[in-house]
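# Examining the three-dimensional arrangement
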Amino acid sequence: MWKRFLSTSFVLFTFITALNAQDSIRTAALSATFSDIPGTPRVVNNEPGRFWVVTWRQNGAPASIQCRIMRSDGTLGTIKTLVNSPSNSLHSFDLAYLRQTENYLLAYELPDGLYVQSFNKNFVRQGAAIAIQKGVHETQARFLITSSSKRMFLFWLAAQQFRRIELSPN
């Protein structure tokens, strides 16, 4: 009798907890004119448990790559435009956070090739963009940072070849 009562109570408790958990899911609109393009958005967690940076491709005239900070309580920061007139490639960018320097590194594709640009924690450009490879299209650039955060690589596709380059954290 007690086993049946306890098992029924456990199932009921689990069901009620699951219903309450469904109510706690929060959604947020990143942009009123967000483009529903495959391959976007990209999310970087720079301060575990505190906030994330969401980056996406925004179509329009001109198209752009934009970002916005999303805090753990659901509040959103202002929209920042990182790059204007990127290439038409759907998977044309990636964002990485460098803990040592507290900077962001954006790899993106323009119509004439693949570039990397450094931004500070307020998304202000740090220096000029660096051309990684000219004349490439649909590169699908992706960053990889080692677990020790001491080495950073950029991988991309070019002419049916998978390429990589090691980047300096600064």
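Here is what the cut-offs are and how they apply
- Within each chain, residues carry numbers counting from 1 in the order of the written sequence.
- Since the coordinates come from a predicted model, pLDDT governs what is reported: local features require at least 70, and pairs of side-chain atoms require 80 or more to be given and counted, while whole-chain, interface and lining totals use all residues.
- As a rule here, side-chain values cover all heavy atoms of the structure and leave hydrogens and water aside.
- We call Phe, Tyr and Trp rings a pair once their centres come within 6.5 Å, taking the six-membered ring for Trp, and we label the pair stacked below 30 degrees between planes, edge-to-face above 60, and tilted otherwise.
- The buried label applies to any residue whose accessible area, calculated with a 1.4 Å probe on protein chains only, is under 20% of its type's maximum; exposed applies above 50%, and partly exposed to all values in between.
- At least two bridges found by DSSP between two strands are what make those strands a pair.
- Under the scheme used here, helices are H or I runs from DSSP no shorter than 4 residues and strands are E runs no shorter than 2 residues, and both carry numbers assigned from the N terminus.
- What counts as an axis is a line fitted to C-alpha atoms, over the stretch in contact for a helix, and the angles between N-to-C directions run from 0 to 180 degrees.
- Take the buried residues of types Ala, Val, Leu, Ile, Met, Phe, Trp, Tyr and Cys, join any two whose side-chain atoms come within 4.5 Å, and each joined set is a nonpolar core.
- Residue contacts are counted whenever heavy atoms from the two residues lie within 4.5 Å of one another.
- Salt bridge, as applied in this entry: a Lys or Arg side-chain nitrogen positioned within 4 Å of an Asp or Glu carboxyl oxygen.

This next bit is on the packing of aromatic side chains. Taken as a whole, this structure holds 6 aromatic pairs when the rule is applied. Relative to Tyr104, the ring of Tyr97 lies with its centre 5.1 Å away and its plane at 50°, an arrangement referred to as tilted. Both residues of the pair, Tyr97 and Tyr104, count as buried. Following the ring pairs from residue to residue traces out a cluster consisting of Tyr97, Tyr104, Phe119 and Phe123.

Overall, antiparallel pairing links the 3 strands, which are arranged E9-E10-E11 in an open sheet. Whereas interior strands pair on both sides, the edge strands pair on one side only; in this sheet they are strand E9 (142-145) and strand E11 (161-167). Strand-to-strand twist of the sheet, defined as the mean angle between neighbouring strand axes without regard to direction, takes the value 25°. The pairing of E9 with strand E10 (residues 152-158) spans 4 bridges and is antiparallel. Residue Ile145 lies in a different strand from E10, and its bridge partner there is Met152.

Glancing now at the nonpolar core. Counting residues in each nonpolar core, the largest one holds 17 residues, and the members touching the most others are Leu82, Val83, Tyr104, Leu106, Tyr108 and Phe123. The contact partners of Leu82, leaving out residues within four places of it in the chain, are Thr55, Ile65, Gln66, Cys67, Leu106, Phe119, Phe123 and Arg125. Formed by 14 residues, the second largest nonpolar core is a distinct cluster that contains Ala107, Val116, Val136 and Phe143.

This part is about the pattern of salt bridges. Enumeration according to the criterion identifies 4 salt bridges in this entry. For Glu102, the salt bridge identified is with Lys121, shortest N-O distance 4.0 Å. Of this pair, Glu102 sits in the loop between strand E5 (93-98) and strand E6 (103-110) while Lys121 sits in the loop between strand E7 (113-119) and strand E8 (125-134); the two residues are 19 residues apart in sequence, bridging distant segments of the chain. Under the relative-accessibility criterion, Lys121 is labelled exposed at 52%.

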